[in-house]
Amino acid sequence: MSKPDSMIRSVGLNAHHPRRLRRLGEVWAGHPFPRYFLTLCTADRVQVLANDDYHGRLRKFLVASPAHYGWHTLRYVVMPDHVHLLAVTTEQVALGAWIKALKFVTAQRRFRWQPGFFDHVLRSGESESEKWSYVLENPVRGGLVTSSVDWPYAGELRFEEPNPPGQETGPTEPAGI
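A brief look at the structure comes next.

Criteria and cut-off values
- Residues numbered from 1 in each chain as written.
- Predicted model: local features only at pLDDT ≥ 70, side-chain atom pairs only at ≥ 80, totals over all residues.
- Heavy atoms only, no water.
- Helix = DSSP H or I, 4+ residues; strand = E, 2+ residues; numbered from the N terminus.
- Buried < 20%, exposed > 50% of the residue type's maximum accessible area, 1.4 Å probe, protein only.
- Contact = heavy atoms within 4.5 Å.
- Pairing = 2+ DSSP bridges.
- Axes fitted to C-alpha atoms, helices over the stretch in contact; angles between N-to-C directions.
- Core = buried A, V, L, I, M, F, W, Y, C linked by side-chain atoms within 4.5 Å.
- Salt bridge = Lys/Arg side-chain N within 4 Å of Asp/Glu carboxyl O.

Turning to unusual backbone geometry, a few remarks are in order. Residues other than glycine seldom take positive phi values, yet Asp44 does so here, at roughly 60°. Within the element layout of this structure, Asp44 appears in the loop between strand E1 (35-41) and helix H2 (52-69). The phi dihedral of Gln108 falls on the positive side, at around 45°, and the residue is not glycine. Take Gln108: it is sitting in the loop between helix H3 (95-107) and strand E4 (118-122). Judged by its relative accessible area of 40%, Gln108 falls in the partly exposed class.

What follows is the structure, given as structure tokens:
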């Protein structure tokens, strides 16, 4: 026995439901900008990323991102077929637009990215620390190195924390890994 249309609509299963859930207003207590954990994968999981050439293109894009897009990447790990990023934004450019630019600039038609990406808004400093500790061990779990500190395709970029809209942000300078 099928359910009447009115019952289906009452639980939100009609043809007009959103494809994604809406973001919460404030998720990072005491900080005006959300922090995102992001994962991008190559199409068909082709292993083309863990090399000096791609790493250089990615790092160059990430260093320029605060000025061009309002996105500050705090940390990243490049694996052979995917990239993990921890980023914060001033909401100057939408997340999807920033990822589209990152994919275009870093691939340079040498490979294809998987459509879309995984994003997770981090809710606390503890959540960030736990997530990042796990990500740093990816190269070890993948059998690529015996210690995460030996993986050459990971880094941390130091920026002044973005200020609320209307306030000046200081110069951006990357730090070494």
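Looking now at the environment of Leu144. Along the polypeptide, Leu144 turns up in the loop between helix H5 (138-141) and strand E5 (154-156). It is 9.6 Å that separates the C-alpha atoms of Leu144 and Pro80, two residues lying 64 residues apart in sequence. What Leu144 contacts, discounting residues up to four positions off in sequence, is Met79, Pro80, Pro139 and Trp151.

This part covers the sheet that holds E4. Taken together, five strands build an open sheet; the order of strands is E4-E1-E3-E2-E5 and the sheet is antiparallel. Edge positions in the sheet fall to E4 and E5, since each of these pairs with one other strand and no more. Ignoring strand direction, the axes of neighbouring strands in this sheet form an average angle of 20°. By the bridge criterion, seven bridges tie E1 to strand E3 (residues 82-89) in an arrangement that is antiparallel. Bridge pairing in E3 links Leu40 to Val83. In this fold H2 packs onto strand E2 (71-78), E3 and E5, with an angle of close to 165° to the strand it touches most, E2. Set on the sheet, H3 makes contact with E1, E2, E3 and E4; between it and E1 the angle comes to about 40°.

The next subject is the nonpolar core. Leu38, Leu62, Leu85 and Trp98 are the most contacted members of the largest nonpolar core, which has 40 residues in total. When residues of this core are traced back to their parent elements, those giving at least two are E1, H2, E2, E3, H3, E4 and helix H4 (125-136). Counting residues per element, this core draws most heavily on H3, at six residues. Dropping the residues within four chain positions of it, Leu62 is found in contact with Thr73, Tyr76, Leu85, Trp98, Leu102, Leu157 and Phe159.

The next thing to look at is the pattern of salt bridges. Inspection of every chain in the model, using the stated rule, returns seven salt bridges. Asp53 serves as the salt-bridge partner of Arg57, at 2.5 Å between the closest nitrogen and oxygen. Of this pair, Arg57 and Asp53 both sit in helix H2, four residues apart, roughly one helical turn. By relative accessible area, which is 42% here, Asp53 ends up partly exposed. When the shortest N-O distance is used, the salt bridge between Arg75 and Glu156 registers 4.0 Å. Placement of Arg75 in strand E2 and of Glu156 in strand E5 is noted, with a sequence separation of 81 residues between them. Exposure remark for Arg75: the relative accessible area of 24% places this residue in the partly exposed category. Judged by relative accessible area, which is 25%, Glu156 ranks as partly exposed. Linked by salt bridges that have partners in common, Asp53, Arg57 and Arg110 make up one network.

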